[in-house]
Amino acid sequence: MIGYKQYISKLAGISDEKEFLSRSNREFRQFALKYAVIGGTMAGLMGIAAVRISSGKAVPGNVPLLMVIVFLMILVALLSIYFITAGVLHDPRSSARVKKDMIQSMIAAAMAVNAVPIISMGIFLAIIEKHY
């Protein structure tokens, strides 16, 4: 979420549509690169946890509670992305093209930010199926 907020804050003050769109692409690539490193690290750690859980070396205690926590994380992430982007979307100076670009960025960020929690939900469902 911090990377997405930085991405939006770099674009929020730009009033020229052409400059906004050119900087938007460059800034989104930087956001995606930062998130790829963080997401890749998290996915690797989750893979290690999944292997340990499937081999029986580690069994989480209260899986339904953990699933509720992850679901709340997904909900907070989606709301945060919307509220971070809402300033640009509701700015009367924003053109239709800028708004369209921001909606696309918002959808891509939502998919990227929620990838790790969704993977962990899959792991938790597999644990429930195996152990309960």
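Please refer to the structure higher up on the page.
First, a word on scope: everything that follows refers to the structure included in this document. (Residues numbered from 1 in each chain as written. Predicted model: local features only at pLDDT ≥ 70, side-chain atom pairs only at ≥ 80, totals over all residues. Heavy atoms only, no water.)

## Digging into the environment of Y82
For clarity, the cut-off: A run of H or I in DSSP becomes a helix once it reaches four residues, and a run of E becomes a strand once it reaches two; helices and strands are each numbered from the N terminus. Contact criterion: two residues are considered in contact whenever any of their non-hydrogen atoms come within 4.5 Å of each other.
The topology assignment puts Y82 in helix 3 (residues 63-89). Residues Y82 and M106 lie 24 residues apart in sequence; the distance between their C-alpha atoms is 7.2 Å. Here Y82 is in contact with H90 and M106, once residues within four sequence places are set aside.

## Thoughts on the packing of aromatic side chains
Selection criterion: Here the aromatic set is Phe, Tyr and Trp, taking the six-membered ring for Trp, and pairing holds for ring centres within 6.5 Å; pairs whose planes are under 30 degrees apart are stacked, those over 60 apart are edge-to-face, and all others are tilted.
Here the structure, examined in full by the defined rule, presents seven aromatic pairs. A ring pair is formed by Y7 and F28, whose centres lie 5.4 Å apart and whose planes are at 70°; its orientation type is edge-to-face. Taken together, the residues Y7 in helix 1 (residues 2-12) and F28 in helix 2 (residues 17-54) connect sequence positions 21 residues apart. Seen from their ring centres, Y7 and F31 are 6.2 Å apart, and the 20° between their planes marks the pair as stacked.

## Comments concerning the nonpolar core
What counts here: In these notes, a set of buried Ala, Val, Leu, Ile, Met, Phe, Trp, Tyr and Cys residues joined through side-chain atoms within 4.5 Å is what counts as a nonpolar core. Only protein chains enter the calculation, and the probe is 1.4 Å; a residue is then buried if its accessible area is under 20% of its type maximum, exposed if over 50%, and partly exposed in between.
Counting 19 residues, the largest nonpolar core has Y4, I8, F20, I81 and M102 as the members making the most contacts within it. If you list the elements that add at least two residues to this core, you get helix 1, helix 2, helix 3 and helix 4 (96-113). For this core, the leading source of residues is helix 4, giving six residues. Beyond its immediate sequence surroundings of up to four residues, I8 is in contact with I84, T85, V88 and M102. In this structure, M67, V116, M121 and I127 belong to the second largest nonpolar core, which totals twelve residues.

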